[in-house]
Amino acid sequence: MTQPGEYDASMRHALSLAAHGPVTGGNPQVGCVLVDDAGRIVAEGWHRGAGTPHAEIDALSKVEDATGLTAVVTLEPCNHTGRTGPCSVALLEAGVARVVYAVSDPGAHSSGGASTLRAAGIPVEGGVLAAEVEEFIEPWLTAARLGRPWVTVKWASSLDGRAAAADGTSQWITGTAARQRVHEQRAQSDAILVGTGTVLADDPSLTARGDGGELLAHQPVPVVVGERDVPAGAKLRSHPAGLIETHSRDLSLVLEGLFGRGIRRVFVEGGPALASAVIEAGLVDEYLVYLAPTLLGGARTAVGDIGVGTIGDQRRLRITAVETLGEDILITARPRRVSTPEGN
Ligand SMILES: NC(=O)c1ccc[n+]([C@@H]2O[C@H](COP(=O)([O-])OP(=O)(O)OC[C@H]3O[C@@H](n4cnc5c(N)ncnc54)[C@H](OP(=O)(O)O)[C@@H]3O)[C@@H](O)[C@H]2O)c1
């Protein structure tokens, strides 16, 4: 048996290694360290994205002989052969003495690594620093559990909640710092969702660009939601990541289809009709609301009908961060979990 807290520091280090991996691309960020009997870290590894070695394999590749070492890994070692072999088997063959992990693998095909190791007589302990690691990979875990991507909805509005002026003009409400942050957030997503209305009104390019206008290394694929066609000459037709036209308003079906393509994080950029529909359907995991110090008045609210007919139906949120960007404010919020009077 391990002592309580014995592997906390090693796990925290494995978590810091996991952060080196990419947030996009379908696979989770995972870190691993190999620890000797004295508790010293003798090797480090992390996963660099789909098709590359898993964190355990990366760490094992750094030692001549792993016999008797403890593998401390942020996610339960996988049990399946995908583009790489099962990590459970690799750890067994390397002769590790013990495996400690934080979070169980929720994948239907990849889970079971802990059982395989235990069946081979290796002591395995799960749940070490589980809350910290779960929070870190929450988007990936949520996607794996729900079978749809993690959904972030972003909008920019005036202080009085308007996304555009009465005539529909909306560029630019926010300043350069806020707009630059949006580009960085795009680059942290696998896909950008946008309604046909915005494509027809604004002809956006939806690329992720740096402050010099250069394309960032990762470009999320634009996904146009709605029944209408994207016009032949639209800028989106020359997007570097390609273009997905859904020809559908069925949001659950669209998200399921994207999950099937390996997309785990989507960034909904509007417009108001699409954002409202996603909120009404209860499909939002995170809100990014940019507020500009201006007033527009009028009917063009950032969000329209979200199915709240009476105050009892309001969508309560939990604010997780407030940042000032130039003259603008970015509010990050998550849906509040509904609790029953019994607290269940
Ligand atoms: N301030 C901001 O953050 C921001 C961001 C984006 C856009 N905008 C502004 O928003 C304006 C466009 O607004 P919008 O609301 O028309 O654009 P939108 O939300 O991009 O597009 C609306 C269209 O999306 C389609 N759609 C797809 N799924 C749907 C669903 N589940 N429910 C309803 N409709 C669905 C429908 O078209 P089909 O008939 O094709 O199905 C609908 O007419 C532009 O002026 C743009 O500048 C502002």
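Under an unreviewed UniProt entry, the name given to the protein chain is Riboflavin biosynthesis protein RibD, and the source organism is Conyzicola lurida. Its UniProt record, at the heading Function (unreviewed entry), says of the protein chain: "Converts 2,5-diamino-6-(ribosylamino)-4(3h)-pyrimidinone 5'-phosphate into 5-amino-6-(ribosylamino)-2,4(1h,3h)-pyrimidinedione 5'-phosphate."

(A) Inspection of the overall build of the protein chain at higher detail. On a plain count of helices and strands, the protein chain comes out with 10 helices and 13 strands. Expressed as lengths along the three principal axes of its C-alpha atoms, the size of the protein chain is roughly 70 × 50 × 40 Å. The proportion of buried residues among the 344 residues of the protein chain is 40%. Sequence-distant contacts in the protein chain: of pairs separated by 6 or more residues, those separated by 24 or more amount to 70%.

(B) Representation of the sheet that holds strand 1 (residues 31-35) in the model. Reading across from one edge, 2-1-3-4-5 is the order of the five strands in this open sheet, with mixed pairing throughout. Sheet topology places strand 2 (41-46) and strand 5 (124-125) at the edges, where each strand pairs with a single neighbour. Bridge analysis of strand 1 against strand 3 (residues 70-75) gives four bridges, and the strand direction is antiparallel. In the sheet register, Val 35 faces strand 3, and the bridge partner there is Thr 70.

(C) Fine view of the site of the ligand. Looking at the ligand, there are 26 residues lining it, with Gly 195, Gly 197, Gly 226, Gly 270 and Gly 271 nearest. Broken down by secondary-structure element, the contributors of at least two residues to the shell around the ligand are strand 6 (150-158), strand 7 (191-195), helix 8 (196-202) and helix 10 (272-280). Top contributing element to the shell around the ligand by residue count: helix 8, with five residues. Tallied by class, the residues present in the shell around the ligand amount to 12 nonpolar, nine polar and five charged.

(D) Geometry of the pairing of strand 1. Here strand 1 lies mainly inside the structure; five of its five residues are buried. Of the two faces of strand 1, the one holding Gly 31, Val 33 and Val 35 and the one holding Cys 32 and Leu 34 are both buried throughout. Judged from the five bridges that link them, strand 1 and strand 2 form a sheet pairing that is antiparallel. Looking across to strand 2, one finds that Cys 32 is bridged to Gly 45. Between strand 1 and strand 2, which follow one another and run antiparallel, lie five residues, and Gly 39 among them has a positive phi close to 85°.

(E) Spotlight on the domain arrangement of the protein chain. Domain assignment breaks the protein chain into domain 1 (8-144) and domain 2 (148-335). Each of domain 1 and domain 2 has a C-alpha centre, and these two points are 34 Å apart. The partner domain 2 presents 12 residues to the seven residues of domain 1 that form the contact. Residues belonging to the side of domain 1 that touches domain 2 are distributed by class as follows: four nonpolar, three polar and no charged.

(F) Region of the structure containing helix 6 (residues 138-146). When we look at burial in helix 6, the residues that qualify are Pro 139, Trp 140, Leu 141 and Ala 143. On its buried face, helix 6 sits against helix 5 (130-136), strand 6, helix 9 (251-260) and strand 10 (265-268). Just past helix 6, the residue Gly 147 takes up positive phi, approximately 70°.

(G) A look at the environment of Tyr 101. Along the chain, Tyr 101 turns up in strand 4 (residues 98-103). As for Tyr 101 and Ala 114, which are separated by 13 residues in sequence, their C-alpha atoms are 9.0 Å apart. In contact with Tyr 101, other than residues within four places in its own chain, are Val 73, Leu 75, Glu 76, Pro 77, Gly 126 and Val 128.

(H) View of the UniProt feature "binding site: Zn(2+)" (unreviewed entry) in the protein chain. With numbering matched to this structure, UniProt assigns "binding site: Zn(2+)" (unreviewed entry) to His 54, Cys 78 and Cys 87. On the basis of their most widely separated C-alpha atoms, the annotated residues across 34 residues gather in one place, lying no more than 8.9 Å apart. Mapped onto the secondary structure, His 54 falls in the loop between strand 2 and helix 2 (55-60). Relative to the elements of secondary structure, Cys 87 occurs in helix 3 (residues 87-94). On the basis of neighbour counts, which here come to 30 C-beta atoms within 10 Å, the residue Cys 87 falls in the buried class.

(I) Structural detail: unusual backbone geometry. The omega angle of the peptide bond from Gly 270 to Gly 271 is 5°, so this bond is cis rather than trans. Within the element layout of this structure, Gly 271 appears in the loop between strand 10 and helix 10. If you check the backbone angles, Leu 206 has positive phi at about 55° while not being a glycine. Mapped onto the elements of the fold, Leu 206 is located in the loop between helix 8 and strand 8 (221-225). Phi is positive for His 247, which is not a glycine, with a value near 50°. With respect to the element layout, His 247 can be found in the loop between strand 9 (244-245) and helix 9.

(J) Spotlight on the confidence of the model for the protein chain. Here the protein chain averages 93 in pLDDT, while 97% of its residues score no lower than 70. The model gives residues 340-344 a pLDDT under 50, and that stretch makes zero contacts with residues more than four places away or in other chains.

(K) How the structure looks around the sheet that holds strand 11 (residues 286-292). Taken together, the eight strands give an open sheet; going across it, the order is 9-8-7-10-6-11-13-12, and neighbouring strands pair in mixed fashion. Unpaired on one side and paired on the other, strand 9 and strand 12 (317-325) mark the two borders of the sheet.

Parameters and conventions
Residues numbered from 1 in each chain as written. Predicted model: local features only at pLDDT ≥ 70, side-chain atom pairs only at ≥ 80, totals over all residues. UniProt positions renumbered as here; feature names shortened; annotations may be inferred. Helix = DSSP H or I, 4+ residues; strand = E, 2+ residues; numbered from the N terminus. Buried ≥ 20, exposed ≤ 12 C-beta atoms within 10 Å, placed from the backbone. Contact = placed C-beta atoms within 7 Å. Pairing = 2+ DSSP bridges. Near = placed C-beta within 6 Å. Nonpolar A, V, L, I, M, F, W, Y, C, P; charged D, E, K, R; others polar. Domains from an automatic or database assignment. pLDDT = per-residue confidence, 0-100.

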